[in-house]
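# Structure assessment
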Amino acid sequence: MDILPAIDLRGGKVVRLAMGDYDRQTVYSDDPAAVAREFAAAGATWIHIVDLDAARCGELTNLAAVAAIRAAVPLRLEVGGGARNDAAVARLIEAGADRVVIGSAALKDWPWFEQLASRPELNRRLALGLDAREGKLAVAGWREQSQVAAVDLAARVTGWPLGAIIYTDIARDGMLTGPNFQATAELIAATDVPVIASGGVSNLQDVRQCKAIGCSGAIIGKAYYTGAVDLAAACRLAAEAGK
């Protein structure tokens, strides 16, 4: 299993939101590249990056920060936020993304997402971001609620050449209360696409539980920045053979 420490970007700074609320923001660093180097030193192989500004307004305003992270570390970068059309996906890859997360745009224009995922040059380079409240997907930077069940969309992409599904329980995000293991396990059972757990990882036991239910990865955000999780220990645990 992979550990993906998170860098959430807003105005070029590393921040965290509580439950996706833009009014509940904590700034942790004004140097994303320096944070990325900390992740590399701890043994991470991936970084999960979210452009919060782009998720909200659709404009890719933090590409310079993504490029700075790319230049600073040899880690693989998974980048989401604002990937709403072919041009945006191409710009994110040009800035250094190894994998681009498509969230709201997939739900709003499923035929576009389907053709995007079928392009050979994007094989395994796209992830489907499923962000849910009580099992139903939220879009537009979590500000709009849909009635589409996350598990249904996960089942729909079975057999697709996606790199991952990123599943976030919004109520757990930034709260250090542990991921929604039951909902995450249901998604894993519904699809053959690798599932990465996001939102709420707060200790090494959460990492163990993510492994036990079959997650291909776990995103660690606030728990790292507050010191609740030792990233090096989490990476070692995730890399151990077996569950």
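Residues numbered from 1 in each chain as written. Predicted model: local features only at pLDDT ≥ 70, side-chain atom pairs only at ≥ 80, totals over all residues. Heavy atoms only, no water.

## Digging into the packing of helix α3 (residues 63-72) against helix α4 (residues 86-95)
It is at 8 Å that the axes of α3 and α4 come closest, and there the two elements cross at 35°. Across the interface between the two elements, L63, V66, A67 and R70 from α3 touch R91, L92 and A95 from α4. A breakdown of the residues in the contact of α3 with α4 according to their chemical character gives 5 nonpolar, no polar and 2 charged. (Axes fitted to C-alpha atoms, helices over the stretch in contact; angles between N-to-C directions. Helix = DSSP H or I, 4+ residues; strand = E, 2+ residues; numbered from the N terminus. Contact = heavy atoms within 4.5 Å. Nonpolar A, V, L, I, M, F, W, Y, C, P; charged D, E, K, R; others polar.)

## Quick notes on the pattern of salt bridges
According to the stated counting rule, one finds 6 salt bridges in the structure shown. With a closest N to O distance of 2.8 Å, R16 and D8 form a salt bridge. For D8, a relative accessible area of 9% translates into the label buried. Where R119 meets E121, a salt bridge forms, and the shortest distance between an N and an O atom there is 2.8 Å. Given a relative accessible area of 26%, R119 falls into the partly exposed group. (Salt bridge = Lys/Arg side-chain N within 4 Å of Asp/Glu carboxyl O. Buried < 20%, exposed > 50% of the residue type's maximum accessible area, 1.4 Å probe, protein only.)

## Quick word on the packing of aromatic side chains
Tallied over the full model, the rule gives 6 aromatic pairs. Each ring, one from Y224 and one from Y225, has its centre 5.2 Å from the other, and the planes form 80°; the classification is edge-to-face. Exposure class is identical for Y224 and Y225. Each is buried. Put simply, the rings of Y28, F39, Y224 and Y225 pair up and form one aromatic cluster. The lysine or arginine in question, R99, covers the ring of W46, its NZ or CZ lying 4.1 Å from the ring centre. Above the face of the W110 ring, R156 is positioned so that its terminal group lies 4.9 Å from the ring centre. (Phe/Tyr/Trp six-rings, centres within 6.5 Å; stacked < 30°, edge-to-face > 60°. Lys NZ or Arg CZ within 6 Å of the ring centre and 35° of its normal.)

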